[in-house]
Amino acid sequence: MVERETWRKSFSEWFHDVIFRAELLDYRYPIKGCGVWLPYGFKLRNKILSIIRRLLDETGHEEVLFPLLITESMLGKEAEHVESFSSQVFWVTRAGREELAEKLALRPTSETAIAPMLKLWIRSHANLPKRIYQIVSTFRYETKATRPLIRIREITTFKEAHTCHESFEEAEEQVRTAVKIYSKFFDELAVPYIISKRPEWDKFAGALYSLAYDTIFPDGRTLQIGTIHNLGQNFSKAFEIVFETREGKHDYVWQTCYGISERVVAATIAIHGDDRGLVLPPTVAPIQVVIIPIPYKGFEEAVLSKVKSLAEGLKREGFTVEVDLREKYTPGSKFYEWELRGVPVRIEVGPRDVENRTVTMVRRDSLERTVIPEDEVYKALPKLLSEIQEALRERALKEFKEKIKRFTDLGEALTFIKNTGRLGIIELPWCEKNECGIRMEEETGLKALGTPYPEEEAGNVRCAICGGEAKSFLRLSRQY
Ligand code: 5CA
Ligand code: ZN
């Protein structure tokens with residue numbers, strides 16, 4: 001097994017360090033909150049995006065691309081929305097030598113960019129349901145400390161889906177579909193999550209309610225990695241998106257939206273890593289297998305020719321393979337580098353492998369070595385990759401579950417919080433009154449994530465604050 005001490009104890013440093021040294025991104029760009037995707041990071045990003053694209057495409061979503069700029073009047077149409085985003089918007093006020101007559105916002109998200117076009121496109125129930133998505137940069141002037149991939153000002157990988165429906169019930173059905181899509185998505189990344197209905201005071205501005213996916217980082221803090229909002233008719237009323245119903249009447253469309261960002265890349269890195277660096281799940285690893293020759297005097301030719309034919313064979317079978325033939329590096333330093341970059345499987349070919357017609361396979365997660373006959377590699381590799389995927393999933397899930405604790409009593413919870421280093425999530429019975437929830441945040445010094453989704457009856461317990469009948473549990477954590 002690989003140690004996870006640094007990863008656990010100084011996670012924040014580990015995270016910054018690994019992003020930089022594994023050459024995923026470079027945040028030395030001279031604007032705060034903006035980073036450069038490097039080739040290896042960009043490949044990882046695109047692998048992850050290809051999963052969400054597939055899941056959306058197969059469930060009736062169509063990919064589109066809207067302009068980056070939004071006029072001030074468009075952005076201002078839905079009152080709650082603009083109120084909540086106003087402190088975070090970047091504005092374009094000048095163009096060339098001229099002051100603009102109406103200033104233009106860089107989209108912080110796109111409801112208000114999309115709505116005026118939906119108004120033109122949707123005439124009748126025959127145009128519904130409508131499901132579109134785009135993957136774009138959005139801009140948020142974050143005032144909290146920025147963090148690589150986690151809190152940035154140019155969010156470069158903002159995947160936002162927007163849907164329109166005939167009825168509230170259909171929008172609710174779409175919310176359930178979105179939950180299925182995101183759950184599958186995170187399952188493929190082997191990233192564990194918990195789904196909560198955000199409390200009233202923390203929902204997306206302009207939504208009826210918000211559901212959120214949170215995961216727990218090695219330092220015990222939670223990260224919101226995805227959100228799903230039922231927007232009701234708030235935006236369609238503000239933008240007059242009206243359709244003719246089946247009965248020949250007119251109604252405003254019912255909308256939902258749901259989004260993720262490069263935080264999903266952050267979560268994939270953080271959840272599976274260890275002291276040697278990245279450990280990438282095979283489903284998203286840009287390189288699945290790296291082949292490294294172990295040259296030995298007199299065997300150079302034989303080793304090289306075996307490495308090359310093996311690489312060709314594996315590529316033909318559809319694996320993504322890297323062959324590290326660099327002469328100036330020792331095998332040891334190559335091992336170190338590909339371990340840092342999280343390649344799931346390393347194949348070593350040495351003189352003994354040539355003699356015995358074998359290959360040596362080393363898995364990145366456990367560093368376990370196995371020597372197998374060379375003609376079995378094509379069968380052994382897919383099996384090994386799926387074993388790695390499963391092992392990562394199991395370990396992550398086990399660690400995740402251990403970090404969620406339910407209490408019935410505030411005092412017990414407070415003692416637990418005081419004595420627990422990397423806290424995770426606690427749950428306390430709640431009457432669902434806002435004032436009690438806010439008091440829970442104050443008493444614990446934590447932030448509310450919301451209540452379990454799907455809804456869960458609290459059973460026969462009392463609100464941890466007022467002693468009244470508890471309707472559900474409130475989840476609380478330290479959040480990024
Ligand atoms: N229009 C809706 C749905 S797309 C929306 O904007 N929702 S959101 O505000 O919750 O953002 C969607 C997701 O983007 C969040 O769940 C979070 O995972 C991610 N996100 C938000 N702000 C940032 C940021 N500054 N840096 C990185 N990711 C972010
Ligand atoms: Zn209460």
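Above this text you will find the structure in question.
Okay, so let's go over this structure. These figures come from a predicted structure and were not determined experimentally.

1. Here we look at the overall build of the chain
When its secondary structure is counted, the chain shows 15 helices and 23 strands. In terms of overall dimensions, the chain is globule-like: its C-alpha atoms have a radius of gyration of 26 Å, near the 23 Å expected for 480 residues. Looking at the 480 residues of the chain, the share that counts as buried comes to 52%. Sequence separation of at least 24 residues holds for 69% of the intrachain contacts in the chain that already meet a minimum separation of 6. Accessible surface for the chain amounts to roughly 22200 Å². Of this, 50% is attributable to carbon and sulfur atoms. In the chain, 71 side chains carry a positive charge and 73 a negative one; their mean positions are 3 Å apart.

2. Some words on the coordination of the zinc ion (ligand 2)
Octahedral six-donor coordination of a metal ideally yields angles of 90 or 180 degrees, compared with 109.5 degrees for tetrahedral four-donor coordination. The coordination sphere of the zinc ion (ligand 2), as far as protein atoms go, consists of Cys431 (SG), Cys436 (SG), Cys463 (SG) and Cys466 (SG), spread over 2.2 to 2.4 Å. Coordination geometry of the zinc ion (ligand 2): the four donor atoms subtend angles of 105 to 115° at the metal centre, consistent with an arrangement described as tetrahedral. Mapped onto the sequence, the donors of the zinc ion (ligand 2) take the spacing C-x4-C-x26-C-x2-C.

3. Observations concerning the sheet that holds strand β4 (residues 69-71)
Taking strand neighbours across the sheet as the criterion, the three strands line up as β4-β6-β5 in an open arrangement whose pairing is antiparallel. Both outer strands of the open sheet, β4 and β5 (91-95), are each paired with one neighbouring strand and no more. Direction aside, neighbouring strands of the sheet carry axes that sit 45° apart on average. As judged from the three bridges shared by β4 and strand β6 (residues 98-106), these two strands associate in the antiparallel manner. Each residue of the ladder has a partner; that of isoleucine 70, found in β6, is alanine 105.

4. A closer look at the packing of helix α3 (residues 39-57) against helix α9 (residues 263-272)
Their axes nearest at 10 Å, the elements α3 and α9 cross at an angle of 105°. Judged on the interaxial angle alone, α9 and α3 are roughly perpendicular. Residues Leu44, Arg45 and Ile48 of α3 pack against Val264, Val265 and Thr268 of α9. Across the contact of α3 with α9, the residue classes tally to four nonpolar, one polar and one charged.

5. Some points on the nonpolar core
Counting 62 residues, the largest nonpolar core has Phe15, Phe185, Phe186 and Ile269 as its most contacted members. It is α3 that provides the largest number of residues to this core, a total of eight residues. Residues contacting phenylalanine 15, with those up to four places away along its chain left out, are Pro148, Leu149, Ile150, Ala266, Ile269 and Ala270. In this structure, Ile70, Ala105, Phe235 and Ile241 belong to the second largest nonpolar core, which totals 23 residues.

6. Description of helix α10 (residues 300-316)
Helix length check: α10, at 17 residues, gives a terminal C-alpha distance of 24 Å against a target of 24 Å (1.5 Å per residue), a fit within 8%. Burial in α10 covers these residues: Val303, Lys306, Val307, Leu310, Ala311, Gly313 and Leu314. Looking down the long axis of α10, one finds its buried residues gathered within 165° of arc, a one-sided arrangement. Residues of α10 that are exposed and point more than 90 degrees away from the buried face comprise Glu301, Glu312 and Arg316. Where the residues of α10 are buried, they touch β15 (289-293), β16 (321-323), β17 (345-349), α12 (351-356), β18 (358-363) and α13 (377-402).

7. Here we look at the site of ligand 1
Around ligand 1, a shell composed of 21 residues is seen, among which Thr109, Glu111, Glu142, Thr227 and Ser261 lie nearest. The backbone of isoleucine 150 places a nitrogen or oxygen atom 3.3 Å from a nitrogen atom of ligand 1. Taking arginine 263, its side chain carries an N or O atom lying 3.3 Å from a nitrogen atom of ligand 1. In isolation ligand 1 exposes 590 Å². Once the protein is present, 96% of that is buried. Within the residue set of the shell around ligand 1, elements represented by two or more residues are β8 (154-165), β11 (222-232) and β14 (254-260). In terms of residue class, the shell around ligand 1 is built from eight nonpolar, seven polar and six charged.

Procedures and definitions
Residues numbered from 1 in each chain as written. Chains lettered and ligands numbered in written order. Predicted model: local features only at pLDDT ≥ 70, side-chain atom pairs only at ≥ 80, totals over all residues. Heavy atoms only, no water. Helix = DSSP H or I, 4+ residues; strand = E, 2+ residues; numbered from the N terminus. Rg over C-alpha atoms; globule rule 2.2 N^0.38 Å. Buried < 20%, exposed > 50% of the residue type's maximum accessible area, 1.4 Å probe, protein only. Contact = heavy atoms within 4.5 Å. Areas by Shrake-Rupley, 256 points an atom, 1.4 Å probe, with all protein chains shown as cover. Lys, Arg positive; Asp, Glu negative; His and termini not counted. Charge placed at Lys NZ, Arg CZ, Asp CG, Glu CD. Donors = N, O, S within 2.8 Å, 3.2 Å for Na, K, Ca; no water. Tetrahedral: all angles 85-135°; square planar, octahedral: opposite > 155°, others 65-115°. Pairing = 2+ DSSP bridges. Axes fitted to C-alpha atoms, helices over the stretch in contact; angles between N-to-C directions. Parallel < 35°, antiparallel > 145°, perpendicular 65-115°, else oblique. Nonpolar A, V, L, I, M, F, W, Y, C, P; charged D, E, K, R; others polar. Core = buried A, V, L, I, M, F, W, Y, C linked by side-chain atoms within 4.5 Å. Expected span 1.5 Å × (residues − 1). Arc of directions from axis to C-beta. Near = heavy atom within 4 Å. Polar contact = N/O pair within 3.5 Å; in protein donor to acceptor, adjacent residues only side chain to side chain.

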